[in-house]
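# Coordinate inspection notes
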Amino acid sequence: MDYLQAFAISATGMNVERTRVDVSAVNLANANTVHVPGAGGFQPMRVVARLTHFGALVSDGLAAGVMPAVTLEPLRTAPRMVHEPGHPHADAKGFVAYAPVDPATEMVTLMGAMRSYEANVAAMNTTRSLALKTLEIGRGS
């Protein structure tokens, strides 16, 4: 078994999940930013990871260093309108446009990404343990 390949797969998974955590944290940090009329505003992002030629990679074995194409795609959703007539950025009807971030969705994304990261760490630790046991067996003969 190629242990470097297993380490590379786990490392790739950890990098993708770290990116998901970072993007969700930025989305949550901007949940209450105001869309200024004419200037636009914050658009929440999503991390999309795609492996091209997945079938060939499975049949040939995933090569070490194969990275999925990770892209950030903005969510095209309308701003969240809140009635605040005294706000300096309120429109003629008294509504203020806030970034369309759903905190519950972002928290679920954070928890899922953290658990996936932990699973990749566990896989890496298991691979490390197997490699060390293999070396011990080799020394004993």
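Higher on the page you've got the structure.
I will try to describe carefully the structure that is included in this document. (Residues numbered from 1 in each chain as written. Predicted model: local features only at pLDDT ≥ 70, side-chain atom pairs only at ≥ 80, totals over all residues. Heavy atoms only, no water.)

### A look at the overall build of the protein
Put simply, the test is: Each helix is a run of H or I in the DSSP string that is no shorter than four residues. Each strand is a run of E no shorter than two, and both are numbered from the N terminus. Burial classes: relative accessible area under 20% of the type maximum marks a residue as buried, over 50% as exposed, and values in between as partly exposed (1.4 Å probe, protein chains only). Note on definitions: a residue-residue contact is assigned when non-hydrogen atoms from the two residues lie within 4.5 Å. Residue exposure ignores everything except the shown protein chains as possible cover, and the areas themselves are Shrake-Rupley values with a 1.4 Å probe.
Along the protein, the regular secondary structure elements total three helices and four strands. N-terminal to C-terminal, the α/β element order of the protein is α-β-α-β-β-β-α. Among the 141 residues that make up the protein, the fraction classed as buried is 23%. Pairs at least 24 residues apart make up 64% of the contacts formed inside the protein by residues separated by at least 6 positions. Accessible area of the protein: about 9,000 Å², with a carbon and sulfur share of 63%.

### Regarding helix H1 (residues 3-29)
This is how the line gets drawn: By this rule, a helix spans an expected 1.5 Å times one less than how many residues it contains.
Over its 27 residues, H1 runs 39 Å from end to end, which matches the ideal 39 Å to within 8%, given 1.5 Å per residue. Residues of H1 that are buried include every one of Ala6, Ala8, Ser10, Thr12, Gly13, Met14, Val16, Glu17, Val23, Ser24 and Asn27, and no others. Packing partners of the buried residues in H1 comprise strand E1 (45-50), strand E2 (69-74) and helix H3 (103-140).

### Things to note about the environment of alanine 131
Considering the arrangement of structural elements, one finds alanine 131 in helix H3. With a relative accessible area of 16%, alanine 131 lands in the buried category. Along the sequence, alanine 131 and aspartate 2 sit 129 residues apart, while their C-alpha atoms lie 9.6 Å from each other.

### Topic: the pattern of salt bridges
As a reminder, the rule being used: Here, a salt bridge means any Lys or Arg side-chain nitrogen found within 4 Å of an Asp or Glu carboxyl oxygen.
Under the criterion given, the structure shown has four salt bridges. Put simply, arginine 20 and glutamate 17 hold a salt bridge, and the shortest N to O gap is 2.6 Å. Of this pair, arginine 20 and glutamate 17 both sit in helix H1, separated by three residues, roughly a single helical turn. Residue arginine 20 is classed as partly exposed on the basis of its relative accessible area of 25%. Note on glutamate 17: relative accessible area 11%, which makes it buried. With a shortest N-O distance of 3.4 Å, arginine 50 and glutamate 73 are connected by a salt bridge. Residue arginine 50 is located in strand E1, and its partner glutamate 73 is located in strand E2; the two are separated by 23 residues in the primary sequence.

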